[in-house]
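Listed below are the residues making up each chain.
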Protein chains: 2
Amino acid sequence: MNALGRKIYLEMPAPSEEDNLPAEERIFRSLRETVPDLRGQDLHMSIGALRSLNPLCENADWKITVSLSWNGSGWEVVGAERGKSKIPAVGLAVDLGSTSVIMRMLDLETGECMSEAGVYNHQIRFGEDILTRIFYSRDQPEHLEEIRRATVDTFLELMRMLQRKTGIDPQNALSVVVAGNTAMTHFLLGLDAFSVFASPYAVETLQPGFYRGTDLELPVRGWVYCYPGLANYLGGDIVSGLVAVGLYRSEKISLFFDVGTNGELVVGNSQFLLCGAGAAGPALEGGVVKTGMRAAEGAVEAVRMTPDQEKKTEENGILPGSVFHLKTIGGSSPVGICGSGIVDMISELFLHGWINIQGTLQPEKSGLIQRQKVQETGEEELAVCYYPGLWFYQSDILEFIRTKAAAATMMEYMLDVSGIEIQDVARFYMAGSFGAHVDVESAVNIGMYPDVERGRIVPAGNTSLEGAQKLLLDRSLLQDIRQILGLMSYVQFGAVDDFLTRMRAAEALPHTDAERYPSVMEKLKALSAQKERTT
Amino acid sequence: MNALGRKIYLEMPAPSEEDNLPAEERIFRSLRETVPDLRGQDLHMSIGALRSLNPLCENADWKITVSLSWNGSGWEVVGAERGKSKIPAVGLAVDLGSTSVIMRMLDLETGECMSEAGVYNHQIRFGEDILTRIFYSRDQPEHLEEIRRATVDTFLELMRMLQRKTGIDPQNALSVVVAGNTAMTHFLLGLDAFSVFASPYAVETLQPGFYRGTDLELPVRGWVYCYPGLANYLGGDIVSGLVAVGLYRSEKISLFFDVGTNGELVVGNSQFLLCGAGAAGPALEGGVVKTGMRAAEGAVEAVRMTPDQEKKTEENGILPGSVFHLKTIGGSSPVGICGSGIVDMISELFLHGWINIQGTLQPEKSGLIQRQKVQETGEEELAVCYYPGLWFYQSDILEFIRTKAAAATMMEYMLDVSGIEIQDVARFYMAGSFGAHVDVESAVNIGMYPDVERGRIVPAGNTSLEGAQKLLLDRSLLQDIRQILGLMSYVQFGAVDDFLTRMRAAEALPHTDAERYPSVMEKLKALSAQKERTT
């Protein structure tokens, strides 16, 4: 373990006339004698720790456990305890998302994750989406302070939850690593984030580095590190993600894609890292689809269609549920559909011919496809009923196809720019909640993911949190972060002429150029052959 | 100037799409471009400064003045102002004495002392002498906190005074250097100081280094440095004094003597520094003498006797004032006598034969010498009336001779230990208020100072303050401080066998070995010859 915090048990000689080194220097001497890597190192002590030494050291017969926290340039003693401490050396890894904030408590000696907690970001009070919060706080120091305070409160709630779960007060944390996008990091630091979304996108800081917990009003002993970012849209969460998957360490080229409201994309290896970001669209999180919803209780997260039951349905009128096999989060009745469900849905509709290559619904295929009024506009359009009262609309499908086209084009474009053939990409790391839950097969079917050997597509999960955890346990990664920032170069998709042309070509299922998706073509052929056999 | 703080005016390009570096990194880049010595340096920014950048930078058209403070290992931006700042870069140098605290505001660009203020240490509320305060706070965290608070309040009062005098808020200070003895430094840091006076003298810290102002509840922008000490009795005030007089820089051997309640002594050059400390005695500050007092309004600070008037007095009975020429602080009527006055007094009494070599009063010499009741004991003893109602007692004289013998023996012993002849000592730096005010000739006459060419005896003044100021203006002296601490070795006088024997030999005027004081002997001869001529 080479963690950002550590506890060290010291047995020191009691002071004598011959050896009356002061308590602080006595501890430093003992640390240097006990721990080889501290030899010759500059050591510091926080004023709080210094004040705690008397009468603690004497009462403990100079057998104490000291807590060390890395402050970016050296070790600082941030606490002392009597005897051998029974409290493990803990640290906190935080994924500071705009919607959810996840915090893990880690044992810095064993690397074990002791507990994890997640809550909605308290900032939501000031706006569901980041932009609303940014406008709320823009040029309004009191509002900004409210949002900063809400961010801190989110941390405090998570700390209370972790305390309940583990019995250990997270205030003991010797180090905290926070990975968040640029706006979230700004809010944690109490900085106006308007510049994140406004040209010329010159934010307040992209490399905040280490702060004392108290500087940020976080009641932790140790230092807090905020992951740096490369640009406004490529924040600390992405750099953390790169650390998590480690693609900068290999000679082999890989691709990292964090698919969420925004899509952040990195292609590269140990020699280069080409990065881009774009609005992959809230559609991916179920945000645009009319019955779409977040991944919560009752959200349809997986969809399968059965040809047999489809036929039966056509004979017997509308019997929804017999044609669609729906899996919901929590197993309750469906109340809406989330991102992974949408991908499955479109993939199944497409494979079963209910929508054509352009995504147009084919009403002749099923009685479940009907004209239906859209609540918001009052106008009618085609929609498919996937559960009584739940409709998936034509416009939803087209919107989602545009979204997936944007995502796929970002990948395609980035590879082209770097002169890389798709077969040369060793791994496609699909980060984020979407990447973790979406069915890879379905994502390939709709042309969102490339049609490559499925083993090369790696759902990488919450890489932002993983990267925070990894750094917490291995401070040598600070060097990697410098390397990553040095390698990264930013491509602005908006600035690219043929991006829109390419994207339009991708606005089909799976793509206007079907040859790019040989496995999908085969599936279609197989399904069509099966259908012919059964009819 | 190579000060611990600096202000730098930056003209930065406004952010554009092509150059949208964040505000923090933009300032760092500009600093590295503008200031050659910052190139390649690690730069930091306080959270407060970071938060102040927006909208300041934009409003100022990216023409700002940043304040930098040295934190011990690098520069930290601790503030930003619009345009070219009209407030000079200021720092505070502090002599944190147990009685008085002196603070200077310095212009860190010109080195000019803008103003100085001094007040009694608010700690006095908890005890006139350090020991009382130490016992008050020992093992009583609330009492310790009161004393810490009083120390901070002393700083705050001084800051208010400096603000009134200069019109500049000392909270702007980019750096503060504090030189105090070990107990005073402990109290400022909020540390129990009992160990300073109790065996085995293992204190809490001797090398506190740099703290943020806020860590110490000092409302200043920049970092606060507390001078380190070598041992409990050889604190930061002495190391600061050595920096002030610079004796560690020369090949020539010099002696540094800070004469106060305690006497701290250093002998050495650029190769070695031998140090010792001992109770020189509060007698030197007028503390033991019965009509003794601090150097305040009405204190007799200089005494001369006239042989003619002495004779006249013998004829006319007691006519005090005709034989003693007294100079008081503030020019008012005498109310007591302070250290420099006492040295003059004993020197004059001795030269005029009113006391003999042992310091015994010779009543036959003057009607001013009479038996007198000592208020405290109710017993009678011989005393000399130096002003109506003011008596200088036999026991005072003997007490003072013991004190001066201790001081002289410390010097003598230290030179012997280092194998140095008195003629090889280039300079005798006499530090402190006593050294500044005492008449060198009188101090030699009574055998307190050695009988050497008077030019080699240098009254060095408040070297603690001078050293603080010097460091504030030249951070390269931090390296000198490391050198000093490395060179210093501590001699405990108490541990020395023949120290008492030597001291007893020095308990005479000027010394039992009169040959050591040839110039005094000549003076006595001359006076005696003059007397013979006049009688």
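The model shown is predicted, which means the values in this text are computed figures rather than measured ones.

Draft legend 1. Representation of the packing of aromatic side chains. All names here are of chain A. Overall, the coordinates contain 20 aromatic pairs over all chains when judged by the stated rule. Where F135 meets F194, the ring centres are 5.7 Å apart and the plane angle is 75 degrees; that geometry is what we call edge-to-face. With F135 in helix 3 (residues 130-137) and F194 in the loop between helix 5 (182-189) and strand 9 (209-212), this residue pair connects regions lying 59 residues apart in the sequence. Here F194 falls in the partly exposed class, since its relative accessible area comes to 21%.

Draft legend 2. Structural context of the pattern of salt bridges. Residue and element names in this part refer to chain A. In total, this model carries 62 salt bridges over all chains according to the counting rule given. E399 is the salt-bridge partner of R402, the closest N and O atoms lying 3.3 Å from each other. Of this pair, R402 and E399 both sit in helix 9 (residues 394-417), 3 residues apart, which is roughly one turn of the helix. Of the residues examined, R402 reaches a relative accessible area of 39% and is grouped as partly exposed.

Draft legend 3. Structural context of the UniProt feature "domain: RACo linker region" (unreviewed entry) in chain A. According to UniProt, the positions carrying the feature "domain: RACo linker region" (unreviewed entry) are residues 3-84 of chain A. The distance from the first to the last C-alpha atom of residues 3-84 of chain A is 19 Å, and the span holds 30% helix and 32% strand.

Draft legend 4. Quick peek at the pairing of strand 10 (residues 223-226) of chain A. Residues and elements named next belong to chain A. Taking every second residue as pointing to the same face, both faces of strand 10 are buried, with W223 and Y225 on one and V224 and C226 on the other. In this sheet, strand 10 lies alongside strand 9 in antiparallel orientation, the contact comprising 4 bridges. Bridge pairing in strand 10 links R212 to W223.

Draft legend 5. Up close: the relation of the copies chain B and chain A. The two copies are related by a screw motion: chain B maps onto chain A through a turn of 180 degrees and a shift of 0.0 Å along the axis, at an RMSD of 0.1 Å. On the angle and the small slide along the axis, the relation comes out as a two-fold axis. By C-alpha distance to the rotation axis, the residue of chain B lying nearest is S73(B), at 4.3 Å.

Draft legend 6. Inspection of the packing of helix 6 (residues 236-245) of chain B against helix 12 (residues 463-473) of chain B at higher detail. All names here are of chain B. Closest axis-to-axis distance for the helix 6/helix 12 pair is 7 Å, and the angle between their directions is 70 degrees. Taken together, the axes of helix 6 and helix 12 lie roughly perpendicular to each other. The way helix 6 lies across helix 12 gives a crossing that is left-handed. Along its contact with helix 6, which presents D237, S240, G241, V243, A244 and V245, the element helix 12 presents T463, S464, E466, G467, A468 and K470. Considering only residue class, the contact of helix 6 with helix 12 consists of 4 nonpolar, 5 polar and 3 charged.

Draft legend 7. Highlighting the interface of chain B and chain A. Chain B puts 36 residues into the contact, and the matching count from chain A is 36 residues. Contact between chain B and chain A buries roughly 3,000 Å² in total, counting both sides, with carbon and sulfur atoms accounting for 47%. Ranking the residues of chain B by area buried against chain A places I47(B), R51(B) and E204(B) at the top, with a combined share of 19%. For the interface between chain B and chain A, the tally reads 2 salt bridges. For D215(A), the salt bridge goes to R212(B), with nearest N and O atoms at 3.7 Å. At the boundary of chain B and chain A, one finds 20 residue pairs in polar contact (both at pLDDT 80 or more). Listed by contribution, the elements that provide at least two residues to the side of chain B that touches chain A are helix 1 (23-34), helix 2 (47-59) and strand 9 (209-212) of chain B. Here the side of chain B that touches chain A takes 5 residues from helix 2 of chain B, the largest share from any one element. Grouping the amino acids of the side of chain B that touches chain A by side-chain chemistry returns 18 nonpolar, 9 polar and 9 charged.

Draft legend 8. Molecular detail of the domain arrangement of chain A. All names here are of chain A. Parsing chain A into structural domains produces domain 1 (5-82), domain 2 (90-226), domain 3 (246-279 + 407-516) and domain 4 (283-399). Contacts between the two partners involve 16 residues from domain 3, matched on the other side by 15 residues from domain 4. Here domain 3 and domain 4 share an interface that buries about 1,300 Å² over both sides, 68% of which is from carbon and sulfur atoms. Looking only at domain 3, the three residues that lose the most surface to domain 4 are F434, I446 and L509, adding up to 40% of its buried area. Across the domain 3-domain 4 interface, the total number found is 1 salt bridge. Counting every contact that joins domain 3 to domain 4 gives 3 residue pairs in polar contact (both at pLDDT 80 or more). Those elements that provide at least two residues to the side of domain 3 that touches domain 4 are helix 10 (432-437) and helix 11 (440-445). In terms of residue count, the dominant contributor to the side of domain 3 that touches domain 4 is helix 11 (3 residues). For the side of domain 3 that touches domain 4, the residue count by class is 9 nonpolar, 6 polar and 1 charged.

Draft legend 9. Here's a closer look at the sheet that holds strand 18 (residues 380-387) of chain B. Residues and elements named next belong to chain B. With antiparallel pairing, 3 strands are arranged side by side in an open sheet as 17-18-19. Of all the strands in the sheet, just strand 17 (369-373) and strand 19 (390-393) have a single pairing partner and so form its edges. For this sheet, the mean angle separating the axes of adjacent strands, direction not counted, is 55 degrees. In this sheet, strand 18 lies alongside strand 17 in antiparallel orientation, the contact comprising 5 bridges. Counterpart to Q372 in the pairing with strand 18 is E381. The strands that helix 9 (residues 394-417) touches are strand 18 and strand 19; relative to strand 19, the one it contacts most, it runs at about 55 degrees.

Draft legend 10. View of the state of the cysteines. All names here are of chain B. Under the criterion given, the structure shown has 0 disulfides over all chains. C338 carries a free sulfur, and the closest cysteine sulfur to it, the one in C385, is 18 Å from it. Of the residues examined, C338 reaches a relative accessible area of 4% and is grouped as buried.

Draft legend 11. Inspection of the nonpolar core at higher detail. Among the nonpolar cores identified, the biggest contains 110 residues, and I27(A), L31(A) and V66(A) are the most heavily contacted of them. The dominant element in this core, judged by the number of residues it contributes, is helix 4 (residues 141-166) of chain B, at 9 residues. Counting residues in each nonpolar core, the second largest holds 109 residues, with A173(A), M45(B), A93(B) and I481(B) among its members.

Draft legend 12. Structural detail: the environment of A436(B). All names here are of chain B. Topologically, A436 is positioned in helix 10 (residues 432-437). Take A436: its relative accessible area is 39%, and that puts it in the partly exposed class. Distance in space between the C-alpha atoms of A436 and P459 is 5.0 Å, their sequence separation being 23 residues. Those residues in contact with A436, other than ones at most four positions away along the chain, are M430, P459 and G461.

Thresholds, definitions, all that
Residues numbered from 1 in each chain as written. Chains lettered and ligands numbered in written order. Predicted model: local features only at pLDDT ≥ 70, side-chain atom pairs only at ≥ 80, totals over all residues. Heavy atoms only, no water. Phe/Tyr/Trp six-rings, centres within 6.5 Å; stacked < 30°, edge-to-face > 60°. Helix = DSSP H or I, 4+ residues; strand = E, 2+ residues; numbered from the N terminus. Buried < 20%, exposed > 50% of the residue type's maximum accessible area, 1.4 Å probe, protein only. Salt bridge = Lys/Arg side-chain N within 4 Å of Asp/Glu carboxyl O. UniProt positions renumbered as here; feature names shortened; annotations may be inferred. Pairing = 2+ DSSP bridges. Least-squares fit on C-alpha atoms with pLDDT ≥ 70 in both. Axes fitted to C-alpha atoms, helices over the stretch in contact; angles between N-to-C directions. Parallel < 35°, antiparallel > 145°, perpendicular 65-115°, else oblique. Left-handed = near helix turned anticlockwise from the far one by under 90°. Contact = heavy atoms within 4.5 Å. Nonpolar A, V, L, I, M, F, W, Y, C, P; charged D, E, K, R; others polar. Buried area = accessible area lost by both parts, 1.4 Å probe. Polar contact = N/O pair within 3.5 Å; in protein donor to acceptor, adjacent residues only side chain to side chain. Domains from an automatic or database assignment. Disulfide = S-S within 2.5 Å. Core = buried A, V, L, I, M, F, W, Y, C linked by side-chain atoms within 4.5 Å.

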